[in-house]
Amino acid sequence: MREMIKLFLVIVVFSALSGGVLAAIQNATQERIEYQQLKFVKGPAINKILAGATNNPITDRFKVTDSGEEITVFVGMFDNEPNVVAFESFGKGFGGDIGAIVAVDLNTDEIVGVGVTTHSETPGVGSRAKTDPSFAQQFEGIPIQEPVKVTTEGGQIDAVSGATITSKGVCGAVVQAGDRYARIKNDIMDKLKGFKK
Amino acid sequence: MAKTVVQEFTKGLWAEIPPFRLVLGLCPTLAVTKGVENGIGMGIATTFVLVCSNILISMLRNIIPKRVRIACYIVVIATFVTVVELVMQAFAYPLFLKLGIFIPLIVVNCIVLGRAEAFAAKNGVLASFADGLGIGVGFTLSLTALSIVREVLGNGTFYDIPVFGPSFEPFSFMIQAPGAFVCLGLMLCVMNMLGKK
């Protein structure tokens, strides 16, 4: 009996110490890890659409809640004013959800740029929605509230050839971003008040 | 103790070099040696875990009861692997993305548990440190050698820098799984021929 208690105690103490050490390290690295994930997963898309911003949009970010979901909003400074915000939204693609960063001009409510972040589309076909800049460029300047569609559905976006479903997915992500933008714009404006330097 | 600390270190570099002499830890060896960067990264991560777990297990070898030793070793090893995982995410995120699942899988790398059980549980702290470092450096060298062969032949690059110029047609078989087996087999063969003398 005493032997068993001893074995039990050794394991408990070991696991507790290990848990404590890991919690401390997790705490210490959490912020950096979050930044690294943003930088390498969403960063390339954000930097492309917010090219020319005078700040670093990945550092200048804040969170707002939309129907119980936390959304990270990235701020782009142009002409010394934080007048562009970018956030991620999702649409249904051919192989799963497509994530896209949508950047919106706060003054005109027009789309500044769209960049695909994560997808599981067919390499070389659907994946061109991410790599082909001429597809993403079509979204620029469209009012965010306008329901974007591909041309085969009577819309204004030429689909990537051979990848209509993927293109529809990106449109879906942009439409979702529009709905979301309408709901969170006031929160964004509130947060940005403390932002102007 | 008959062997000196230096001998404990150097045996890992040739006489017991993993994975060629102790044919252990083949899973990461085969899977991550697609590129030199991956091979070195994996080697360094494993070395860190080996050294730290060897030191700690050697220090605690008189406290850990025999009957629960494996469980205790696994707790120690898993703790250090998680530390590596968090630190790599925080400071080398692109490498973390490339190595992916193989970082957490260091926990079940037979080399690490093998050294704990076969060496650190029976020897002093300094000797265990030397043993862990030697085996770790040996493992890193093996992974690097294997990945140099595979990356240069299979991709025509060394550390992502092209070596043959544009006219080279990569021997892409080498970068795929069968190439890993063939390459490892040939290297084992050479090592055995050299060792027989």
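Structural data are supplied above this passage.
So, here is what we can say about the structure in this document. (Residues numbered from 1 in each chain as written. Chains lettered and ligands numbered in written order. Predicted model: local features only at pLDDT ≥ 70, side-chain atom pairs only at ≥ 80, totals over all residues. Heavy atoms only, no water.)

**A closer look at helix α6 (residues 110–120) of chain B**
Residue and element names in this part refer to chain B. What counts here: Only protein chains enter the calculation, and the probe is 1.4 Å; a residue is then buried if its accessible area is under 20% of its type maximum, exposed if over 50%, and partly exposed in between. Each helix is a run of DSSP H or I of at least 4 residues and each strand a run of E of at least 2, with the numbering of both proceeding from the N terminus. The arc in question is traced by the directions running from the helix axis to the C-beta atoms. By the convention used here, residues are in contact when the closest approach between their heavy atoms is within 4.5 Å.
Among all positions in α6, only I111, V112, R115, A116, F119 and A120 are buried. The arc enclosing the buried residues of α6, seen along the axis, measures out at 135°, which places them on a common side. On its buried side, α6 packs onto α1 (5–11), α3 (36–59), α4 (69–91) and α7 (125–155).

**Section: the sheet that holds strand β4 (residues 97–105) of chain A**
Residue and element names in this part refer to chain A. Inclusion rule: Note on pairing: DSSP must find at least two bridges between two strands before they are called paired. Axis angles are defined between N-to-C directions and span 0 to 180 degrees, where every axis is a line fitted to C-alpha atoms and, for a helix, only to the segment in contact.
With antiparallel pairing, 5 strands are arranged side by side in an open sheet as β1-β2-β3-β4-β5. Two strands in the sheet have a free side with no partner beyond their single neighbour: β1 (61–66) and β5 (111–116). Averaged over all neighbouring strand pairs, the angle between strand axes comes to 30°, with direction disregarded. Relative to strand β3 (residues 81–92), strand β2 (residues 69–78) runs antiparallel, the two sharing 4 bridges. Looking across to β3, one finds that G76 is bridged to V84. Packed onto the sheet, helix α1 (residues 2–49) meets β1, β2, β3, β4 and β5 and runs at close to 125° relative to β5. Docked against the sheet, helix α4 (residues 164–193) engages β1, β2, β3, β4 and β5, running at close to 140° with respect to β3.

**Some thoughts on the pattern of salt bridges**
All names here are of chain A. Heads up, the rule is: Only one rule defines a salt bridge in this text: a Lys or Arg side-chain nitrogen within 4 Å of an Asp or Glu carboxyl oxygen.
Considering all chains together, one arrives at 17 salt bridges over all chains under this definition. Between K42 and E88 there is a salt bridge, with the nearest N and O atoms lying 3.0 Å from each other. Of this pair, K42 sits in helix α1 while E88 sits in strand β3, and the two are 46 residues apart along the sequence. Between K92 and D97 there is a salt bridge; the shortest N-O distance is 3.0 Å. Residue classification places K92 among the exposed positions, given a relative accessible area of 64%. A relative accessible area of 41% means that D97 is categorised as partly exposed.

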